[in-house]
Amino acid sequence: MRAVVKIDEREGRAGTEVREVAVPEPGEGEVRMKVRATAICGSDRHIYHWDPTVRDMVVPPRIYGHEFCGEIDAVGRAPGRDDLREGAFASAEMHVTCGVCRQCRTGQGHVCRNTRIIGFHSDGAFAGYVIVPARNVVPLDPAVVPLEVGAFLDALGNAVHTVQDHELAGMTVAITGYGPIGAMAAAIAQHERAARIYVIDVSDRAIARAEKWREIKRADNVVVLRTGAEAAAAVEERILDETEGGVDLVLEMSGAESAVNQALGIARMGGAVSLLGIPTREAVTIHHFARDLIFKGLSLHAIIGRRIFSTWDRMLELLADGLDVRPLVSHEYEGLGKFIEGMEAFDAHEAMKVVFYPHGKNGNVEA
Ligand code: ZN
């Protein structure tokens, strides 16, 4: 089969190769999935560039990729469940948890201390086939999940996780950072009938995308604001003014220090902030710790992964209810041959979701 392999520690296109590898065999408790659609995640970019943040998790040569959907191709011995049918449409949670640590045993498997990630610690989904634990397989209804959306349920799950604890109907919500996951969160907030949604970003390209989405959706309740060093104070003032003291919920998707501070600044007293963005540096300075955080009595919620499996359930309910995130797919490729081209478009922020169909969108490509 063809696969995208991080071949060695070289940065960029020199260290990644699309090559022929053997089709893997499922072991005990495992399932082989035929990968029908797979998407690039921000963390794949770190593997591509061999950033320090991933070096202790990935040992080349390694097939990467961890957002996908496909068909159950072969069920290994003793899968531990009897609902997996060969040929059935499915995705999988790619965080593999231990099941026995304190978090796993108390319903917090998404922060399992022994988490291993398929596509990091073992071979991933940028390939014709991928091996996953049978217990991680999530069967999908093809009438509810289009192929191109099934490609990025992992990322959509991150977005769902940021809002999962909140009843969004009637709420004021702000989203700092309109990248792919920010855009998914905005789509969810709109779908769930949030009263007003502020979309905030520093980049002209992101602002243009958000404006376009608002126009297509005819979403009069969406306010798109460009922030930045000079505009930040005015943005904050406007939101505090229009919302009578701040929004109910802020979803911080960027990881930028300025955005973290802005998120705290625009949350109302007693409001909530979900933090998903990962900063590039280790330290983040909170400029008004008492004023913006303590005195407001804010609730902060750090978001990692997807709750196993309640986030998946909520996500599939939203999709069944008509949540449409197909417009987020900006680039589609038949086969894996143009992986580097897709990665470079993603890397240059020209792309939102880049989806590959290893066997072709209609299943007619030799993989
Ligand atoms: Zn665990």
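Residues numbered from 1 in each chain as written. Predicted model: local features only at pLDDT ≥ 70, side-chain atom pairs only at ≥ 80, totals over all residues. Heavy atoms only, no water.

Asks: Help me out: how do you make sense of the domain arrangement of the protein chain in this one?
Replies: Where interface size is given, it is often the accessible area lost as the parts come together that is meant. Once the domains are mapped, the protein chain shows domain 1 (2-156 + 307-357) and domain 2 (165-302). Each of domain 1 and domain 2 has a C-alpha centre, and the two are 28 Å apart. Tallying the contact residues gives 17 residues for domain 1 and 15 residues for domain 2. Together domain 1 and domain 2 conceal approximately 1,400 Å² of surface at their shared face, both sides included; 62% is due to carbon and sulfur atoms. Put simply, domain 1 and domain 2 have 2 salt bridges between them. Between Asp165 and Arg307 there is a salt bridge whose closest N-O contact spans 3.0 Å. Connecting domain 1 to domain 2 are 7 residue pairs in polar contact (both at pLDDT 80 or more). Looking at the side of domain 1 that touches domain 2, the elements that each hand over two or more residues are helix H4 (153-163) and helix H10 (310-320). Split by residue class, the side of domain 1 that touches domain 2 holds 10 nonpolar, 2 polar and 5 charged. (Domains from an automatic or database assignment. Contact = heavy atoms within 4.5 Å. Buried area = accessible area lost by both parts, 1.4 Å probe. Salt bridge = Lys/Arg side-chain N within 4 Å of Asp/Glu carboxyl O. Polar contact = N/O pair within 3.5 Å; in protein donor to acceptor, adjacent residues only side chain to side chain. Helix = DSSP H or I, 4+ residues; strand = E, 2+ residues; numbered from the N terminus. Nonpolar A, V, L, I, M, F, W, Y, C, P; charged D, E, K, R; others polar.)

Asks: Is there a simple way to think about the sheet that holds strand S12 (residues 196-201) in this case?
Replies: Sheet strands line up and pair through hydrogen bonds in the backbone, either parallel or antiparallel. Judged by pairing direction, the sheet is parallel, and its 6 strands sit side by side in the order S13-S12-S11-S14-S15-S16 without closing on themselves. Only two strands of the sheet have a single neighbouring strand rather than two, namely strand S13 (222-226) and strand S16 (299-302). The sheet shows a mean angle of 15° between the axes of neighbouring strands, taken without regard to direction. Sheet topology places strand S11 (residues 172-176) next to strand S14 (residues 247-252); 4 bridges connect them, and they run parallel. Following the sheet pairing, Val173 is matched in S14 by Leu249. Where helix H5 (residues 180-191) meets the sheet, it contacts S11, S12, S13 and S14, and its direction lies at approximately 170° from that of S12. Contacting S12 and S13, helix H6 (residues 204-217) runs over the sheet at an angle of about 165° to S13. (Pairing = 2+ DSSP bridges. Axes fitted to C-alpha atoms, helices over the stretch in contact; angles between N-to-C directions.)

Asks: Even after reading the chapter, I still don't get the packing of aromatic side chains, so can you show me in this structure?
Replies: To describe a pair of aromatic rings, you give the distance between the ring centres and the angle between the ring planes. Per the counting criterion, the structure on display carries 7 aromatic pairs. On the numbers, 5.6 Å between centres and 70° between planes, the contact of Tyr64 with Phe126 is edge-to-face. In this pair, Tyr64 sits in the loop between strand S4 (62-63) and strand S5 (67-75) while Phe126 sits in the loop between strand S8 (116-117) and strand S9 (129-133), placing the two residues 62 residues apart along the sequence. Each member of the pair, Tyr64 as well as Phe126, is classed as buried. (Phe/Tyr/Trp six-rings, centres within 6.5 Å; stacked < 30°, edge-to-face > 60°. Buried < 20%, exposed > 50% of the residue type's maximum accessible area, 1.4 Å probe, protein only.)

Asks: What is the right way to read unusual backbone geometry from this model?
Replies: Working note: non-glycine residues mostly have negative phi, and peptide bonds are mostly trans. Following Pro60, the chain continues to Pro61 via a peptide bond in cis, the omega torsion being 0°. Inspection of the secondary structure assignment puts Pro61 in the loop between helix H1 (42-48) and S4. Cis peptide bonds are those with omega within 30 degrees of zero, and the linkage from Ile308 to Phe309 qualifies with 5°. Along the chain, the position of Phe309 falls in the loop between S16 and H10. In this structure, Ala78 is a non-glycine residue whose phi angle is positive, near 50°.

Asks: Is there a simple way to think about H6 in this case?
Replies: Note on helix geometry: an α-helix contains 3.6 residues per turn, so any two residues three or four positions apart are oriented the same way. With 14 residues, H6 extends 20 Å from end C-alpha to end C-alpha; this agrees with the ideal 20 Å at 1.5 Å per step. Restricting attention to buried positions, one finds in H6 the residues Ala206, Ile207, Ala210 and Trp213. Here the buried residues of H6 occupy an arc of 125° about the axis, which is enough to place them on one side. Along H6, exposed side chains directed more than 90 degrees from the buried face belong to Asp204, Lys212, Glu215 and Ile216. Of the residues one or two after H6, Arg218 is the one with positive phi, at around 50°. (Expected span 1.5 Å × (residues − 1). Arc of directions from axis to C-beta.)

Asks: Would you take a moment to explain the pattern of salt bridges for this structure?
Replies: When charged atoms on two side chains of opposite charge get close, those side chains can pair. Under the definition given, this model contains 24 salt bridges. A salt bridge links Arg19 to Glu17, with the shortest nitrogen-to-oxygen separation between them at 3.2 Å. According to the relative accessible area criterion, Arg19 is partly exposed, its value standing at 32%. For the salt bridge of Arg291 with Asp292, the shortest nitrogen-to-oxygen distance reads 2.9 Å. With relative accessibility at 46%, the residue Arg291 sits in the partly exposed group.

Asks: Sorry, what's going on with the coordination of the zinc ion here?
Replies: Six octahedral donors at a metal ideally form angles of 90 or 180 degrees, and four tetrahedral donors ideally form angles of 109.5 degrees. Surrounding the zinc ion are the protein donor atoms Cys98 (SG), Cys101 (SG), Cys104 (SG) and Cys112 (SG), at 2.3 to 2.4 Å. Each of the 4 donor atoms around the zinc ion contributes to a set of angles spanning 103 to 119°, which defines the coordination as tetrahedral. We note that the donor set of the zinc ion lies within a single chain, spaced as C-x2-C-x2-C-x7-C. (Donors = N, O, S within 2.8 Å, 3.2 Å for Na, K, Ca; no water. Tetrahedral: all angles 85-135°; square planar, octahedral: opposite > 155°, others 65-115°.)

Asks: Looking at this structure, how should I read the environment of Leu251?
Replies: As for its placement among the helices and strands, Leu251 is situated in strand S14. Each C-alpha atom, one on Leu251 and one on Gly335, is 35 Å from the other, the two residues being 84 residues apart in sequence. In this view, Leu251 contacts Thr162, Val163, Val173, Ala174, Ile175, Thr176, Ala185 and Ser274; residues no more than four positions away in its chain are not counted.

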